[in-house]
Amino acid sequence: METKYAGFQKTVASAYLLSIFAALPLYMRDGFYMLADAKYLFFRSVSMIFLLLWLSGAALSGVCRWRRGHFPGEVRRGRTWDGHSGTDGFAICFALFSVLSYVFSAYKDTAFTGFSGWYMGLLTQLFLVGGYFLVSRWHEREKMVSGIVWISVTAVCLLGVLNRMGYDPLGTYEGMDWWEWNRRNLISTVGNINWYCGYLVVAVPLLLYCFWAGEGWKRIPAGAVAFVGTAAIFLQGSASGIVGLGAMYAVLLFASLKELRLLLRFLETVLLLPLFCFLAWLIRMDLILPYDIEEIVERIFTPFWGIPLWLLAVGAVALRMIYVRTGKDCLKDGRALRAVSLLGAVLVLGAVLVLAGCQISDEIWRFFGGFSFLRLDSAWGSGRGAVWTAAWKGFWRSGFTSCLYGVGPDCFARYFYEQESLALQAPILWEEGSIYANAHNEWLNMLVNQGILGAAAYLGFFLSAFARFWKRREGNPRMTAGMMAVAAYGANQFFSFGQVVATPLIFLVIAVCEKECRRIDREKERLHG
């Protein structure tokens, strides 16, 4: 009986993972037409089916255990309580505060399913948490599942690159001229470039990790696919993707500083960046890009990328020769990791001081080039400066209850355009009169929608997951992939928003890594009695 139940658990978790991680990004009902609605309905249907299976199976298991008088806690030491981690606790609190936000919302018709076209309401929030617990409890490692996910991610990334190069294998651009907004801002099978960027910052870390950690001949296809994923981030059209790329590489660098062998792997992974940019310049790649980044990308693709490409290649070869000849690993003592950590802290502090200086002094701003992104005014970040300011001020004017519980899941537009009379229109319009459906900053948007309690639980979920993975990375290198995805998603979402493609994926990445953490903790429990 127990063997059959374990098989049932594995099948349900694997099928759910494949449905959300592999099938959802590829799913298109009628091309780009009403694609957000199609994605949401797919996500909702799949989540409902599998969560019902999970709850039914868990209830049946609970009854059987009750009849036998057996309720074992899996782990009772460290940072867990009766089989639940801190990350689990934050997930439960987030679900609870989402419900309370809905209860206190004045826009319950919107709060339940979410704003039209976005669908990040209460139902989606509960499905996210339910999917996390399903996978973190029932998932078992399976090569076939990993392989199918890898193929799906490769297809979505490759299709995006081909679309930018002017190719349309699926015929989704049929009837569109190259100068139209839709042709330049809808991409791959995900659609909107911001949605696609959100997908990439969760999926590409997994590709880079496979190249970094792979062994033998498997590194060849892993490297090729990681190269395509890197190209997709450069070409997708949203600058926040570059920030996400920097975050995932920063985590990978810190994970690589414990062994010279891993540092060599890191240099090989970094080589993908200048290699793509140099090749794009060399073959004079003719691209179809959003108008607002066309000039920026043209500046990026220059022959100067040959310099870091050559330096990285020579450095990697030199380090490998030294390592092979001497057999010494100068990184084992941990000094390099501490030095880079200190340097990173200094650079972050320096960046903060420069940014602050540019706000208060025109001379400092001009000294650093006078770039528009250094001035946080209303036009900053394609109008994000204005909407962030309005969101922050409107939040504090919303009243005590709304500050605590929010105005309701995905009710940003309802509150600000009805109560605050927000006089802002999106700078790049789908159609006349387009509005901001969210704050274009997920953390600020969560604060407005679900209040201080919901935002704290949501942020705590990600921070606790990252910390949990970091502490267990020595025992399981796969934790590095989870940390890369969490860091990249967190960085990207500072300029973007949650949606029903990327957000379910990051919850599942955390769930899979949480399952690995639980396995590690169980093994430690057995060893220590």
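Since we're looking at a predicted model, the values are computed, not measured.

Asks: Any chance you could explain the overall build of the chain here in plain terms?
Replies: Across its full length, the chain holds 22 helices and 2 strands. Expressed as a percentage of the 529 residues in the chain, the buried residues total 53%. Within the chain, contacts between residues separated by at least 24 positions form 76% of all contacts whose residues are at least 6 apart in sequence. As displayed, the chain has an accessible area near 24900 Å², and 67% of this comes from carbon and sulfur atoms.

Asks: Quick question: what am I supposed to make of the packing of aromatic side chains here?
Replies: How two aromatic rings sit relative to each other is given by the distance of their centres and the angle of their planes. Within this structure, the stated rule accounts for 34 aromatic pairs. Taking 4.5 Å as the distance between ring centres and 15° as the angle between the ring planes, the aromatic pair formed by Tyr40 and Tyr119 counts as stacked. Of the two residues, Tyr40 sits in helix 2 (residues 35-68) while Tyr119 sits in the loop between helix 4 (108-113) and helix 5 (122-138), which places them 79 residues apart along the sequence. Between the aromatic rings of Phe462 and Tyr489, the centroid separation amounts to 5.7 Å while the plane-to-plane angle is 20°, which identifies the pairing as stacked. Here the residue Phe462 occupies a position in helix 20 (residues 442-471), and Tyr489 occupies one in helix 21 (residues 479-492), the gap between them amounting to 27 residues. Tyr489 matches Phe462 in its accessibility class, with the two residues each being buried. Cluster of aromatic residues (ring-pair linked, three or more members): Phe94, Tyr132, Phe133, Trp443, Tyr458, Phe461, Phe462, Tyr489 and Phe507. The aromatic ring of Phe211 is capped on one face by Arg219, whose charged end is 4.5 Å from the ring centroid. Here Arg473 stacks its cationic end above the ring of Trp470, 3.7 Å away from the centre of that ring.

Asks: What's the story with the side chain of Asn438 in this structure? I'm lost.
Replies: When you line up the elements, Asn438 lands in the loop between helix 19 (412-418) and helix 20. Separated by 3.0 Å, the side chain of Asn438 and the backbone nitrogen of His440 make a polar contact.

Asks: Mind showing me how you'd approach the environment of Ser496 here?
Replies: Looking at the secondary structure, you find Ser496 in the loop between helix 21 and helix 22 (502-527). Through-space distance from the C-alpha of Ser496 to that of Cys197 is 9.0 Å; in sequence the pair is 299 residues apart.

Asks: For this particular structure, what's the right way to read unusual backbone geometry?
Replies: Excluding glycine, residues mostly have negative phi values, and the peptide bonds linking residues are mostly trans. In the Ramachandran plot, Ser188 falls in the positive-phi region, its phi being about 55° despite a non-glycine side chain. Judged by relative accessible area, which is 1%, Ser188 ranks as buried. For Asp410, which is not glycine, the phi dihedral falls at a positive 60°. Topologically, Asp410 is positioned in the loop between helix 18 (400-405) and helix 19. With a relative accessible area of 6%, Asp410 lands in the buried category.

Asks: I keep staring at a nonpolar patch on the surface and nothing clicks. Help me out?
Replies: Residues Phe304, Ile307, Trp310, Leu311 and Val314 make up a contiguous nonpolar surface patch of roughly 560 Å² in combined accessible area. Mapped onto the elements, Ile307 comes out in helix 14 (residues 306-326).

Asks: Teacher, can you tell me more about the nonpolar core here?
Replies: Grouped burial of nonpolar side chains is what soluble globular proteins tend to show. Formed by 148 residues in total, the largest nonpolar core has its most connected members in Tyr16, Leu134, Phe462, Phe469, Ile506 and Ile510. It is helix 8 (residues 193-213) that provides the largest number of residues to this core, a total of 14 residues.

Asks: Please explain the confidence of the model for the chain as it appears in this structure.
Replies: Do not read the fine detail of predicted coordinates wherever pLDDT is low. Residues with a pLDDT of 70 or more make up 86% of the chain, whose mean pLDDT is 84. Counted against residues more than four places away or in other chains, residues 72-82, with its pLDDT under 50, gives 25 contacts. Considering only residues more than four positions removed or in separate chains, one finds that residues 428-432, a stretch of pLDDT under 50, has 8 contacts.

Asks: So what exactly am I meant to see when it comes to the pattern of salt bridges here?
Replies: Tallied over the full model, the rule gives 17 salt bridges. The salt bridge partner of Glu215 is Arg261, with a shortest N-O separation of 3.8 Å. Highlighted residues: Glu215 in the loop between helix 8 and helix 9 (219-235) and Arg261 in helix 11 (residues 260-270), separated in sequence by 46 residues. Classification of Arg261 by relative accessible area gives partly exposed; the value is 33%. Taking the shortest distance from any N to any O, the salt bridge between Glu259 and Arg261 comes out at 3.7 Å. Because the salt bridges share partners, they merge into one network encompassing Arg141, Glu516, Arg519 and Glu523.

Asks: Teacher, can you tell me more about the packing of helix 8 against helix 10 (residues 240-256) here?
Replies: Think of two packed helices as two axes; the pair is described by the angle between the axes and how far apart they sit. It is the contact of helix 8 with helix 10, at a shortest axis distance of 10 Å, that shows an interaxial angle of 30°. Here helix 8 is positioned roughly parallel relative to helix 10, judged by the angle of their axes. Taken as a pair, helix 8 and helix 10 cross one another with a handedness that is right-handed. Residues Cys197, Val201, Val204, Pro205, Leu208 and Trp212 of helix 8 touch helix 10, and the partners they reach there are Ser240, Gly241, Gly244, Met248, Tyr249, Leu252, Ala255 and Ser256. Class assignment for the residues of the contact of helix 8 with helix 10 results in 10 nonpolar, 4 polar and no charged.

Asks: Help me understand the packing of helix 8 against helix 9 in this model?
Replies: Packing of helix 8 against helix 9 brings their axes to within 9 Å, and their N-to-C directions diverge by 155°. In terms of axis orientation, helix 8 runs roughly antiparallel to helix 9. The handedness of the crossing between helix 8 and helix 9 is left-handed. Touching Tyr196, Leu200, Val204, Leu207, Leu208, Cys210 and Phe211 of helix 8 are Arg219, Ala222, Gly223, Val225, Ala226, Gly229, Thr230, Ala232 and Ile233, all from helix 9. Across the contact of helix 8 with helix 9, the residue classes tally to 12 nonpolar, 3 polar and 1 charged.

Asks: Even after reading the chapter, I still don't get helix 14, so can you show me in this structure?
Replies: Structurally, the α-helix is built with 3.6 residues per turn, so residues lying three or four positions apart point the same way. Along its 21 residues, helix 14 runs 30 Å from first to last C-alpha, staying within 8% of the 30 Å computed at 1.5 Å per residue. Those residues of helix 14 not exposed but buried are Leu309, Leu312 and Ala316. Viewed along the axis of helix 14, the buried residues span an arc of 70°, placing them on a single side of the element. Looking at helix 14, the residues exposed on the side facing more than 90 degrees away from the buried face are Trp310 and Arg325. Buried positions along helix 14 lie against helix 11 and helix 12 (272-282).

Asks: What is the right way to read the side chain of Ser14 from this model?
Replies: Relative to the assigned elements, Ser14 resides in helix 1 (residues 2-26). Judged by its relative accessible area of 8%, Ser14 falls in the buried class. Beyond its immediate stretch of four places on either side in the chain, Ser14 contacts Glu142 and Val145.

Rules behind the numbers
Residues numbered from 1 in each chain as written. Predicted model: local features only at pLDDT ≥ 70, side-chain atom pairs only at ≥ 80, totals over all residues. Heavy atoms only, no water. Helix = DSSP H or I, 4+ residues; strand = E, 2+ residues; numbered from the N terminus. Buried < 20%, exposed > 50% of the residue type's maximum accessible area, 1.4 Å probe, protein only. Contact = heavy atoms within 4.5 Å. Areas by Shrake-Rupley, 256 points an atom, 1.4 Å probe, with all protein chains shown as cover. Phe/Tyr/Trp six-rings, centres within 6.5 Å; stacked < 30°, edge-to-face > 60°. Lys NZ or Arg CZ within 6 Å of the ring centre and 35° of its normal. Polar contact = N/O pair within 3.5 Å; in protein donor to acceptor, adjacent residues only side chain to side chain. Patch = residues over 30% accessible without salt bridge, like charges linked within 9 Å, V, L, I, M, F, W, Y side chains within 5 Å. Salt bridge = Lys/Arg side-chain N within 4 Å of Asp/Glu carboxyl O. Core = buried A, V, L, I, M, F, W, Y, C linked by side-chain atoms within 4.5 Å. pLDDT = per-residue confidence, 0-100. Axes fitted to C-alpha atoms, helices over the stretch in contact; angles between N-to-C directions. Parallel < 35°, antiparallel > 145°, perpendicular 65-115°, else oblique. Left-handed = near helix turned anticlockwise from the far one by under 90°. Nonpolar A, V, L, I, M, F, W, Y, C, P; charged D, E, K, R; others polar. Expected span 1.5 Å × (residues − 1). Arc of directions from axis to C-beta.

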